[in-house]
Amino acid sequence: DTGVSQDPRHKITKRGQNVTFRCDPISEHNRLYWYRQTLGQGPEFLTYFQNEAQLEKSRLLSDRFSAERPKGSFSTLEIQRTEQGDSAMYLCALTGAQGYTFGSGTRLTVV
Amino acid sequence: QKEVEQNSGPLSVPEGAIASLNCTYSDRGSQSFFWYRQYSGKSPELIMSIYSNGDKEDGRFTAQLNKASQYVSLLIRDSQPSDSATYLCAVSSGGYQKVTFGIGTKLQVIP
């Protein structure tokens, strides 16, 4: 149990479809981060929230991507009109005393 | 120049040997340094954090930091086959600033 639940674990979608991922912290955390990891690369920062406010977005987050954290607890990441290049592991992370705690991730495959 | 550089490996060591993993970073303002372990298909798991120059030991793991040389390393003593994984070096500017990851070094411990 990492303290962060992500759903779904795996998602296969056709190119052009929309997908939504969810991240649920088990306990209250002010800051919540989204990262993306492609094969053979380290995680890349996408965006983060301080409570419900989205404070920073990476240039990787094109206008097809949107993230929300409506009540400062769970967060969603939506990708519209998916492309094959969106295939990756999407990771949610919380800040802990010594660093990030990651959720188990959502692996997206766009076919 | 990438912000965090690691050799992708693989680094192969025999069981019982010391594995030495290295990382350099470009931002002199970096204050927090982390090592994560990632098993294939899983999310990263924090194993060490270090904030000041010198060595920090935790069990079989020792993290070393040299800010003047912008260099971080991880030593794994008495390597075990279960240590076979990708090791990600990560840095941040401290506090709650986002963390930047290297591509990771794949470690193989040969029985």
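Side note on the layout of surface pockets
Working step 1: Taken as a whole, the largest pocket spans an internal volume of roughly 670 Å³.
Working step 2: Elements represented by at least two residues in the lining of the largest pocket include exactly β5 (44-50) and β6 (53-57) of chain A together with β9 (85-92) and β10 (100-101) of chain B.
Working step 3: In this structure, the second largest pocket occupies an estimated 520 Å³ of space.
Working step 4: If you go around the second largest pocket, you meet 25 residues; those closest to its centre are Leu-39 and Gly-40 of chain A together with Ser-40, Gly-41 and Thr-86 of chain B.
Working step 5: If you list the elements that add at least two residues to the lining of the second largest pocket, you get β9 (88-95) and β11 (106-110) of chain A together with β9 and β11 (105-110) of chain B.
Working step 6: In terms of residue class, the lining of the second largest pocket is built from eight nonpolar, 14 polar and three charged.

Considerations on the pairing of β9 of chain B
Residue and element names in this part refer to chain B.
Working step 1: Where burial is concerned, most of β9 is hidden: seven out of the eight residues are buried.
Working step 2: For strand β4 (residues 32-38) and β9, the ladder comprises seven bridges, and the chain directions are antiparallel. Opposite Gln-38, over in β9, you have Thr-86 as the bridge partner.
Working step 3: Two elements, β9 and β11, share three bridges in a ladder whose sense is antiparallel. When the sheet's bridge partners are listed, Thr-86 is paired in β11 with Lys-106.
Working step 4: Across two bridges, the pairing between β9 and β10 is antiparallel.

Digging into the interface of chain A and chain B
By a widespread convention, an interface's size corresponds to the accessible area lost as its parts come together.
Working step 1: With 21 residues of chain A at the contact, the number on the chain B side is 19 residues.
Working step 2: Summing the contributions of chain A and of chain B, the shared interface buries around 1,500 Å²; its carbon and sulfur component is 53%.
Working step 3: For the chain A face of the interface with chain B, the top three residues by lost area are Gln-98, Tyr-100 and Phe-102 of chain A, together amounting to 32%.
Working step 4: For the pair chain A and chain B, the interface holds one salt bridge.
Working step 5: When the shortest N-O distance is used, the salt bridge between Lys-98 of chain B and Glu-56 of chain A registers 2.9 Å.

Cut-offs applied
Residues numbered from 1 in each chain as written. Chains lettered and ligands numbered in written order. Predicted model: local features only at pLDDT ≥ 70, side-chain atom pairs only at ≥ 80, totals over all residues. Heavy atoms only, no water. 1 Å grid on protein atoms, 1.4 Å probe; cavity = no way out; pocket = protein on both sides within 12 Å on 5 of 7 lines; lining within 4 Å. Points joined across faces, edges and corners; volume = space filled by probe spheres on them. Helix = DSSP H or I, 4+ residues; strand = E, 2+ residues; numbered from the N terminus. Nonpolar A, V, L, I, M, F, W, Y, C, P; charged D, E, K, R; others polar. Buried < 20%, exposed > 50% of the residue type's maximum accessible area, 1.4 Å probe, protein only. Pairing = 2+ DSSP bridges. Contact = heavy atoms within 4.5 Å. Buried area = accessible area lost by both parts, 1.4 Å probe. Salt bridge = Lys/Arg side-chain N within 4 Å of Asp/Glu carboxyl O.

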